[in-house]
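Each chain, written out:
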Amino acid sequence: MSKTTEQVRKTLARRYRAEKRFRAMGMASVLFGLMAVVVLFTDIIGKGHSAFVETYIQLEIRWDQDELYIDDPTDPDELAYADYDALIKNALRERFPSVEGRLEKRNLYKLVSSGAGYTLRDRLAENPQLLGTTETLWLLADDDVDRYLKLGQEAQESARLPEQARAWVDELVQEGSTDTRWNASFFTHGDSREPEQAGVWGAVAGSFFTMLVTLALAFPIGVAAAIYLEEFAPKNRFTDFIEVNINNLAAVPSIIFGLLGLAIFINLFGMPRSVPVVGGLVLTLMTLPTIIISARASIKSVPPSIREAALGLGASRMQVVMHHVLPLALPGMLTGAIIGMAQALGETAPLLMIGMVAFIVDIPGGPLSPATVLPVQIYLWADSPEASFVSMTSAAIMVLLGFLIMMNTLAVVLRKRLERRW
Amino acid sequence: METAPNFTDTGNGPASIPAAGDKGDNTMDADIRYPENTVGKPLVDDAKMRMRDVNVFYGDKQAIFDVSLDIGNNEVIALIGPSGCGKSTFLRSLNRMNDTIDICSVKGELTLDEQNIYDPKLDVVELRARVGMVFQKPNPFPKSIYDNVAYGPRLHGLASKRYELDEIVENSLRKAGLWDEVKDRLDQPGTGLSGGQQQRLCIARTISVSPEVVLMDEPCSALDPIATAKIEELIDELSSQYTIAIVTHSMQQAARVSHRTAYFHLGRLIEVNETNKVFTSPDHQLTEAYITGRFG
Ligand SMILES: Nc1ncnc2c1ncn2[C@@H]1O[C@H](COP(=O)(O)OP(=O)(O)OP(=O)(O)O)[C@@H](O)[C@H]1O
Ligand SMILES: [Mg+2]
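As the structure is a computational prediction, the values presented were derived from the model and not from experiment.

**Q** Residue-level account of the overall build of chain A, with values.
**A** Secondary structure assignment for chain A yields 18 helices and three strands. The globule rule puts the C-alpha radius of gyration for 422 residues at 22 Å, and the 30 Å found for chain A is more than 25% above it. Once the C-alpha set of chain A is aligned to its principal axes, its extents read approximately 100 × 65 × 40 Å. Looking at chain A as a whole, 43% of its 422 residues qualify as buried. Within chain A, residue pairs in contact and separated by at least 24 positions form 74% of the contacts whose partners lie at least 6 positions apart. Charge centroids of chain A, computed over 38 positive and 45 negative side chains, lie 23 Å from each other.

**Q** Tell me what's going on with the overall build of chain B, and back it up with residues and numbers.
**A** A count of helices and strands for chain B gives 11 helices and 11 strands. Put simply, 68% of the contacts in chain B that link residues at least 6 apart link residues at least 24 apart. For chain B, the computed accessible surface area is about 12,500 Å², with 47% contributed by carbon and sulfur atoms.

**Q** Report on the interface of chain B and chain A, specifying residues and quantitative values.
**A** Tallying the contact residues gives 26 residues for chain B and 18 residues for chain A. Overall, the association of chain B and chain A removes approximately 1,900 Å² of surface from exposure, summing both partners, and the carbon and sulfur fraction of that is 63%. Ranking the residues of chain B by area buried against chain A places Pro142(B), Tyr151(B) and Leu155(B) at the top, with a combined share of 28%. Here chain B is connected to chain A by one salt bridge. Of the charged contacts, one joins Glu308(A) and Arg92(B) as a salt bridge, the two residues approaching to 2.7 Å between their closest N and O atoms. The tally of links from chain B across to chain A stands at five residue pairs in polar contact (both at pLDDT 80 or more). When residues of the side of chain B that touches chain A are traced back to their parent elements, those giving at least two are helix 3 (124-130), strand 7 (131-134), helix 4 (145-156) and helix 7 (195-207) of chain B. If one sorts the elements of the side of chain B that touches chain A by residue count, helix 4 of chain B sits on top with four residues.

**Q** Outline the pairing of strand 5 (residues 104-112) of chain B, supporting the account with residue identities and numerical values.
**A** Residues and elements named next belong to chain B. Here strand 2 (residues 47-58) runs beside strand 5; their pairing, made up of eight bridges, is antiparallel. In the strand pairing of strand 5, Val-56 is matched with Val-106. Both strand 5 and strand 6 (residues 115-116) contribute to a ladder of two bridges, which runs antiparallel. Its bridge partner lying in strand 6, Leu-112 is registered against Gln-115. Two successive antiparallel strands, strand 5 and strand 6, enclose a turn made up of two residues, where Asp-113 displays a positive phi of approximately 50 degrees.

**Q** Describe the sheet that holds strand 6 of chain B, and please don't skip the residues or the numbers.
**A** Residues and elements named next belong to chain B. Taken in spatial order, the four strands of this open sheet run 3-2-5-6, and their pairing is antiparallel. Both edges of this open sheet fall to strand 3 (61-72) and strand 6, since each of them pairs with a single strand only. Inspection of the sheet shows strand 2 paired to strand 3 by eight bridges, in the antiparallel sense. What sits directly across from Phe-57, in strand 3, is Gln-62.

**Q** Hey, could you go over the environment of Ser388(A) for me, with residue numbers and the actual values?
**A** Examined against the element boundaries, Ser388(A) turns out to sit in helix 18 (residues 388-418). Sequence-distant contacts of Ser388(A), defined by excluding residues within four places in its chain, comprise Asp143(A), Arg147(A) and Pro195(A).

**Q** Provide a residue-level description of the packing of helix 17 (residues 374-382) of chain A against helix 18 of chain A, including the pertinent values.
**A** All names here are of chain A. Two numbers describe how helix 17 lies on helix 18: the axes approach to 9 Å, and their chain directions differ by 165 degrees. Between helix 17 and helix 18, the interaxial angle falls into the category roughly antiparallel. When the axes of helix 17 and helix 18 are compared, the crossing they make is left-handed. Of the residues in helix 18, those in contact with Leu-374, Pro-375, Ile-378, Trp-381 and Ala-382 of helix 17 are Phe-389, Met-392, Thr-393, Ala-396, Ile-397, Val-399, Leu-400 and Phe-403. Within the contact of helix 17 with helix 18, the residues separate by chemical class into 12 nonpolar, one polar and no charged.

**Q** How would you explain the confidence of the model for chain A if you had to name every residue and give the values?
**A** Here chain A averages 89 in pLDDT, and 99% of its residues register 70 or above. Helix 3 (residues 76-80) of chain A is the least confidently modelled element of chain A, averaging 80 in pLDDT, while helix 10 (residues 201-232) of chain A averages 94, the highest of any element.

**Q** Tell me about the site of ligand 1, residues and numbers included.
**A** All names here are of chain B. Neighbouring ligand 1 are 14 residues, the closest being Ser-83, Lys-87, Ser-88, Thr-89 and His-249. In the environment of ligand 1, an oxygen atom lies 3.0 Å from a nitrogen or oxygen atom belonging to the backbone of Gly-86. One of the side-chain nitrogen or oxygen atoms of Glu-218 is found 3.3 Å away from an oxygen atom of ligand 1. Surface burial for ligand 1 is 65%, taken as the share of its 630 Å² of free accessible area covered by protein chains. Listed by contribution, the elements that provide at least two residues to the shell around ligand 1 are strand 3 and helix 2 (87-93). The dominant element in the shell around ligand 1, judged by the number of residues it contributes, is helix 2, at three residues. A breakdown of the residues in the shell around ligand 1 according to their chemical character gives five nonpolar, six polar and three charged.

**Q** Pulling in residues and values, what's your account of the packing of aromatic side chains?
**A** Following the criterion strictly, the structure yields 13 aromatic pairs over all chains and no others. The interplanar angle of 15 degrees and the centroid separation of 5.6 Å between the aromatic rings of Trp182(A) and Phe187(A) together place this pair among those described as stacked. Overall, Phe187(A) belongs to the partly exposed group, its relative accessible area being 29%. Aromatic rings pair up to connect Phe52(A), Trp182(A), Phe186(A), Phe187(A), Trp381(A) and Phe389(A) into one cluster. Above the ring of Phe96(A), the side-chain terminus of Arg95(A) is found at 4.8 Å from the ring centroid. The ring of Phe141(B) carries Arg205(B) above its face, with NZ or CZ at 4.5 Å from the centroid.

**Q** Explain the packing of helix 15 (residues 317-345) of chain A against helix 18 of chain A to me, and be specific about the residues and the numbers.
**A** Residue and element names in this part refer to chain A. At a minimum axis separation of 9 Å, helix 15 and helix 18 run at an interaxial angle of 175 degrees. Comparing their axes, helix 18 and helix 15 come out roughly antiparallel. Touching Pro-331, Leu-334, Thr-335, Ile-338, Met-341, Ala-342 and Leu-345 of helix 15 are Leu-400, Phe-403, Leu-404, Met-407, Asn-408, Leu-410, Ala-411, Leu-414, Arg-415 and Leu-418, all from helix 18. In terms of residue class, the contact of helix 15 with helix 18 is made up of 14 nonpolar, two polar and one charged.

**Q** Before we move on, can you summarise the nonpolar core with the specific residues and values?
**A** Membership of the largest hydrophobic core comes to 60 residues, with the highest contact counts inside it found for Leu79(B), Phe90(B), Leu94(B) and Phe264(B). By residue number, the principal contributor to this core is helix 15 of chain A, which donates six residues. Apart from residues no more than four positions distant in its own chain, Leu94(B) is found in contact with Met49(B), Met51(B), Ile71(B), Leu110(B), Ile117(B), Leu127(B), Val131(B) and Leu215(B). Grouped together as the second largest cluster of nonpolar side chains are 41 residues, Ala150(B), Ile207(B), Leu223(B) and Met251(B) included.

**Q** So what's going on with the confidence of the model for chain B? Residues and values would help.
**A** Residue and element names in this part refer to chain B. Mean pLDDT over chain B works out to 85, with 87% of the residues at or above the 70 mark. Highest mean pLDDT in chain B belongs to strand 4 (residues 76-80) (95); lowest belongs to helix 1 (residues 30-33) (46). This model gives residues 1-32 a pLDDT under 50, and the stretch forms 53 contacts once residues within four places in sequence are excluded. Scored by ipTM, the complex comes to 0.82, with pTM at 0.79.

Conventions used here
Residues numbered from 1 in each chain as written. Chains lettered and ligands numbered in written order. Predicted model: local features only at pLDDT ≥ 70, side-chain atom pairs only at ≥ 80, totals over all residues. Heavy atoms only, no water. Helix = DSSP H or I, 4+ residues; strand = E, 2+ residues; numbered from the N terminus. Rg over C-alpha atoms; globule rule 2.2 N^0.38 Å. Buried < 20%, exposed > 50% of the residue type's maximum accessible area, 1.4 Å probe, protein only. Contact = heavy atoms within 4.5 Å. Lys, Arg positive; Asp, Glu negative; His and termini not counted. Charge placed at Lys NZ, Arg CZ, Asp CG, Glu CD. Areas by Shrake-Rupley, 256 points an atom, 1.4 Å probe, with all protein chains shown as cover. Buried area = accessible area lost by both parts, 1.4 Å probe. Salt bridge = Lys/Arg side-chain N within 4 Å of Asp/Glu carboxyl O. Polar contact = N/O pair within 3.5 Å; in protein donor to acceptor, adjacent residues only side chain to side chain. Pairing = 2+ DSSP bridges. Axes fitted to C-alpha atoms, helices over the stretch in contact; angles between N-to-C directions. Parallel < 35°, antiparallel > 145°, perpendicular 65-115°, else oblique. Left-handed = near helix turned anticlockwise from the far one by under 90°. Nonpolar A, V, L, I, M, F, W, Y, C, P; charged D, E, K, R; others polar. pLDDT = per-residue confidence, 0-100. Near = heavy atom within 4 Å. Phe/Tyr/Trp six-rings, centres within 6.5 Å; stacked < 30°, edge-to-face > 60°. Lys NZ or Arg CZ within 6 Å of the ring centre and 35° of its normal. Core = buried A, V, L, I, M, F, W, Y, C linked by side-chain atoms within 4.5 Å.

Dropping the structure here:
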């Protein structure tokens, strides 16, 4: 046996041990990461799933013209401003005739959501012939009732619902006059002070318009900058300086971009507060470095031999970029852009600075109407005192995570699709 | 046009080395061994391209020193020399591919049909359409075989109708000796071909725009003997229509395909002669040392 072989055999066992150790460490890290994800998801889903359903109460509604204070049932104005809450109060009083006293009655009225009146208004507006009839309707319960029913037997003690009201609710449950239904309003409404009426749609629309502005600005600017820096810019001190600064910019805390946006877009240019356009501009500043860096990396990965071949045939630099570099680099650029957008979608701090944290009930109709965004909505709800907002917060987080997962999947799919397989 | 400097054309036996000829054959003391001028016949009467006093720099580093050389019409000239002596650098300055390297600068007079190719008025796009290049590593575009060949003609608008383009593609592939192998799969990726086929595809792509001069930088270095033989055959056929400059590390290849051979050494053009003569009785000791395999 040669000396080398001997030496190799001696060290072999050690090398294998080192490899095993390394593999075990890698596995442990992966497992740790997975566990963190599992814990996060179970927590969020555990807390949030209940927000996707809400409680309804069955009541006998008498469409009484006098109670509604309607003189002329054909006048839409009068219909709009009629006292629909009175109908609900009536129905509740008739349902629980034993309730006496102002305070008790107030508690009784609170069983039904304050938004139920609008449901009645809309219903009457659609079916005016209902006036004078009586029908059984399912009306949205107040969030305290909802909360009380969603809590387990033991935890019910801690619910905010008054002692009396619990008895009424228990009675309703026994009769089968309560029902849990799919919480459609969570996906169609804007924010509200009442948890049972609040929804994420306003925030989703705000996020959508903000992202639209960000994408429309950041992608073209980022790609153009990357192409210029990679393909056209002379390599000198100045471009080195730019390169270093782009990398620095990527590391700047996002709140600084918010302050910058506040100082420049709002204070200097006088743009309105709380609007997606300004949010988009700020997030563009924040996303640009990410997009530029990833676009440059994917341009760099295009083999130089392809460029030489095209140049050698007499293609101009612009043609080389358009015909060869861009198509080959595009999948990487798109992936980078989507990852940048996903970051921007989850960004909260800079948007707080430019006022997108305002309480906005209306669904934004465009990039210029006041709006909030999903992460800020989460922040707002997490800060609210009502216990029901806890599950709403988790539900909103689920929606946000859903969008993020969708975007990341899109990035992977796009890369797979567009990547040349030859 | 300046006249050719007084070249030493002794015709028989290695030229005497200016100064210090007394050192042994094997001492490669470079400084003193260079001839003042290129020996042999670097200049011809019927020249397609003329290069005079070409100096090429990479930043501060000089890669080519005072090279003067003519490339004749319809001639195949082989550039040989040890690795790093500047063959590629010289070749790339003939169609201004060196422009793409920021730090590279080319000095001297280079003409194509008596027209200065570094003239700012001459468009580099036009130059490269007239002086095509085949690279050392096959570099087909990640597109179909058809699109690879059609790219140049499309770029320069050489065909207005589809059938014209088809014709150009077929002709180019035929000339490159690839037509029979690929005619049934023109829509398949060019990168899916074998190395030798890829290189012939690249040659077809280069000649599709009907250049006047074809520059080849070690076109066979990645190929097996059969593919090499095919490409050499091809060069032979092409030489009736095109002017070809080929860089090669294979002495046999240079001997087989070229009319004249130029020997480079450390950035200097040492000797240019008829290929036969270079390989049988070179004028310069360095050339002899190289072709007999004493270095390089
Ligand atoms: N892009 C570059 N930047 C700096 N120096 C370079 C560059 N390309 C080539 N050189 C230098 O120029 C000299 C000549 O290089 P060149 O590539 O022309 O040699 P060559 O004769 O083609 O060699 P080979 O036979 O190995 O291909 C070498 O010293 C090399 O280091
Ligand atoms: Mg070379």
